[in-house]
Amino acid sequence: MGRYFLGILTAFLFIGSVCGMLYIFDQGDVVDLKPSVLLALSQIPGWEEVAEAYKLGSSESKYLEEQKRVIREENAILEERAALLLKIEEELESERRKLELERARVQRYAGNMGTSPRGAEADDSDHPETVARLLETMKPEQAGQNLLKLPFEKGLAVLALIEPRRAGKILATMPAEKSARYLEKLSTLPVE
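Let me begin by describing the structure that accompanies this report. Since this is a predicted model, take the numbers as computed values, not measurements.

Here we look at the environment of Ala143
No. 1: With respect to the helices and strands, the residue Ala143 is situated in helix H5 (residues 140–149).
No. 2: We classify Ala143 as buried; its relative accessible area is 0%.
No. 3: The spacing of Ala143 and Met174 is 31 residues in sequence and 9.3 Å in space, taken between C-alpha atoms.
No. 4: Here Ala143 is in contact with Leu135, Met138 and Ile170, once residues within four sequence places are set aside.

A closer look at a nonpolar patch on the surface
No. 1: A surface patch of nonpolar side chains, amounting to about 960 Å² of accessible area, comprises Phe14, Ile15, Val18, Met21, Leu22, Tyr23, Ile24, Phe25, Val30 and Val31.
No. 2: Take Met21: it is sitting in helix H1 (residues 2–27).

Considerations on helix H7 (residues 164–172)
No. 1: Among the residues of H7, those classed as buried are Arg166, Ala167, Ile170 and Leu171. Down the axis of H7, the smallest arc covering the buried residues is 135°, so these residues share one side. Residues of H7 that are exposed and point over 90 degrees away from its buried face: Arg165 and Ala172.
No. 2: Looking at the packing, one finds that the buried side of H7 touches helix H4 (127–137), H5, helix H6 (152–161) and helix H8 (176–188).

Calculation notes
- Residues numbered from 1 in each chain as written.
- Predicted model: local features only at pLDDT ≥ 70, side-chain atom pairs only at ≥ 80, totals over all residues.
- Heavy atoms only, no water.
- Helix = DSSP H or I, 4+ residues; strand = E, 2+ residues; numbered from the N terminus.
- Buried < 20%, exposed > 50% of the residue type's maximum accessible area, 1.4 Å probe, protein only.
- Contact = heavy atoms within 4.5 Å.
- Patch = residues over 30% accessible without salt bridge, like charges linked within 9 Å, V, L, I, M, F, W, Y side chains within 5 Å.
- Areas by Shrake-Rupley, 256 points an atom, 1.4 Å probe, with all protein chains shown as cover.
- Salt bridge = Lys/Arg side-chain N within 4 Å of Asp/Glu carboxyl O.
- Arc of directions from axis to C-beta.

Given below as structure tokens:
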């Protein structure tokens, strides 16, 4: 009877050592046990699709990883392009402001000389627009001071061209009487 138990124990030890060796080889990436184990499991009734599902999942995961890598690379390229576009936009905005300031300077110089830069017969209809753009680029306090220097009607025309929020900030820096007068006239202007 002792020999019988020793035989059974030896068989279990042999099977355990073989399983242990296979596990060690699997962990060391010498062999891949998953497909073999799943193929053996697919012999059990009701588990027939286990091996096929593993193969499909394995191939799909590789495809998904590749797609994620491609998307990460494309996102990096798009972020670089967006940063470049923002930089170019800032440069263009800076150049536009410089151009508007230079145009206003030329118009002011031409006004001091008694002629328009486009000739004596040219009308100065875009002058309020230029002044409005210049006031929008200034700080509200400075814009309010410059607005007070303009004749009332011209100041009213300029304020009508400025964005309402910005105009409100400019009016808030002016004396209350002047600000109220401008607000009263602005409220009666027709909305375009």
